[in-house]
Amino acid sequence: VVGDPAKPVEIRCRALESVAPLSLPEVTEAIKGAYYRGDAEFKASAIYAMGRNCDTAWLPILIAELSSADAAMRYEAAQACGELEEGEAAPYLAELVDDPATEVALTAIQALGRIGGGEAKKRLQQLLEEAEEIVRKAAREALAEIEAKEEPFPFHFGNP
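Residues numbered from 1 in each chain as written. Predicted model: local features only at pLDDT ≥ 70, side-chain atom pairs only at ≥ 80, totals over all residues. Heavy atoms only, no water.

Visitor: So what exactly am I meant to see when it comes to the confidence of the model for the protein chain here?
Guide: When pLDDT drops low, the exact placement of atoms in the prediction is not to be read closely. Here the protein chain shows a mean pLDDT of 92. Residues at 70 or above account for 94%. Ranking the elements of the protein chain by mean pLDDT puts helix α8 (residues 118-130) last with 93 and helix α4 (residues 59-65) first with 98. (pLDDT = per-residue confidence, 0-100. Helix = DSSP H or I, 4+ residues; strand = E, 2+ residues; numbered from the N terminus.)

Visitor: What is the right way to read the packing of aromatic side chains from this model?
Guide: Each aromatic ring pair is specified by the distance between its two centres and by the angle formed by the two planes. Tallied over the entire structure, the rule returns one aromatic pair. Summarising the aromatic geometry, the rings of Tyr35 and Tyr36 are spaced 4.8 Å apart at their centres and angled 85 degrees between planes, so their arrangement reads as edge-to-face. Judged by relative accessible area, Tyr35 falls into the buried class, the value being 12%. Judged by its relative accessible area of 56%, Tyr36 falls in the exposed class. (Phe/Tyr/Trp six-rings, centres within 6.5 Å; stacked < 30°, edge-to-face > 60°. Buried < 20%, exposed > 50% of the residue type's maximum accessible area, 1.4 Å probe, protein only.)

Visitor: Looking at this structure, I do not really get unusual backbone geometry. What am I missing?
Guide: Glycine aside, the phi torsion of most residues is negative, and most peptide linkages are trans. A positive phi angle, close to 60 degrees, is found at Cys54, a residue other than glycine. Along the polypeptide, Cys54 turns up in the loop between α3 (40-53) and α4. Look at Cys54 and you get exposed, because its relative accessible area is 52%. A positive phi angle, close to 55 degrees, is found at Glu85, a residue other than glycine. As for its position among the elements, Glu85 is in the loop between α5 (71-84) and α6 (90-96).

Visitor: Quick question: what am I supposed to make of the environment of Ile63 here?
Guide: Among the structural elements, Ile63 can be located in helix α4. According to the relative accessible area criterion, Ile63 is buried, its value standing at 12%. Measuring from C-alpha to C-alpha, the distance between Ile63 and Pro91 comes to 9.9 Å, with 28 residues separating the pair along the chain. Dropping the residues within four chain positions of it, Ile63 is found in contact with Glu88, Ala89 and Tyr92. (Contact = heavy atoms within 4.5 Å.)

Visitor: Mind showing me how you'd approach the packing of helix α7 (residues 102-115) against helix α9 (residues 133-150) here?
Guide: In a packed pair of helices, the relevant descriptors are the angle between the two axes and the axis-to-axis distance. Remark: α7 packs on α9, axes separated minimally by 7 Å, with the N-to-C direction vectors making an angle of 15 degrees. It follows from the interaxial angle that α7 and α9 lie roughly parallel. At the point where α7 passes α9, the crossing takes the right-handed sense. Here Leu106, Ile109, Leu112, Gly113, Arg114 and Ile115 of α7 come into contact with α9, specifically with Ile134, Val135, Ala138, Ala139, Ala142, Glu145, Ile146 and Lys149. (Axes fitted to C-alpha atoms, helices over the stretch in contact; angles between N-to-C directions. Parallel < 35°, antiparallel > 145°, perpendicular 65-115°, else oblique. Left-handed = near helix turned anticlockwise from the far one by under 90°.)

Visitor: When you look at α3 in this model, what are you seeing that I'm missing?
Guide: In this model, α3 (14 residues) spans 20 Å end to end at C-alpha, consistent with the 20 Å of a helix rising 1.5 Å per residue. Buried within α3 we find Phe42, Ala44, Ser45, Ala46, Ile47, Ala49, Met50, Gly51 and Asn53. Elements that come into contact with the buried residues of α3 comprise α1 (9-19), α2 (25-37), α4 and α5. The N-cap of α3, judged by a side-chain oxygen 3.2 Å from the amide nitrogen of Glu41 a few residues on, is Asp39. (Expected span 1.5 Å × (residues − 1). Polar contact = N/O pair within 3.5 Å; in protein donor to acceptor, adjacent residues only side chain to side chain.)

Visitor: Just to check I follow, could you spell out the packing of α8 against α9 for this structure?
Guide: Close contact between α8 and α9 brings their axes to 8 Å; oriented N to C, the two are set at 145 degrees. Relative to α9, α8 is oriented so that their crossing is left-handed. Of the residues in α9, those in contact with Ala120, Lys121, Leu124, Gln125, Leu127 and Leu128 of α8 are Val135, Arg136, Ala139, Arg140, Ala142, Leu143, Ile146 and Glu150. Grouping the constituent residues of the contact of α8 with α9 by class yields nine nonpolar, one polar and four charged. (Nonpolar A, V, L, I, M, F, W, Y, C, P; charged D, E, K, R; others polar.)

Have a look at this one:
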């Protein structure tokens, strides 16, 4: 379906996103094809698929897309970086939390929460003091996610 030009672009995009988690060479090629040859909608779908594919080989493309002129591409790239949970993306996402597009900024905050690490925590803690309420709330939630990963079993069994 992904490669069938007779199908509507929307259907082809959803098909690509659906098969993205499969670690097959055909899927990798389909994602590449959509990214490099597709229109804007197909390219955004390919970026989304890169995150769901969980292959860190996509990271250079995703990091480059974080600075795209198109807010939709920045949004999808931030989401995908969060899916990959690679610390290498954290500095780029930390810059993106100030994006003029609120949805992009909030997605970057969520991605930092998924990635975790010292740099992510530092930037999220800064947001608690300087940002508007919606951003502070997202930063609190992202920090809670980081803390949950750091201390997965906060309850002690047996005698304290």
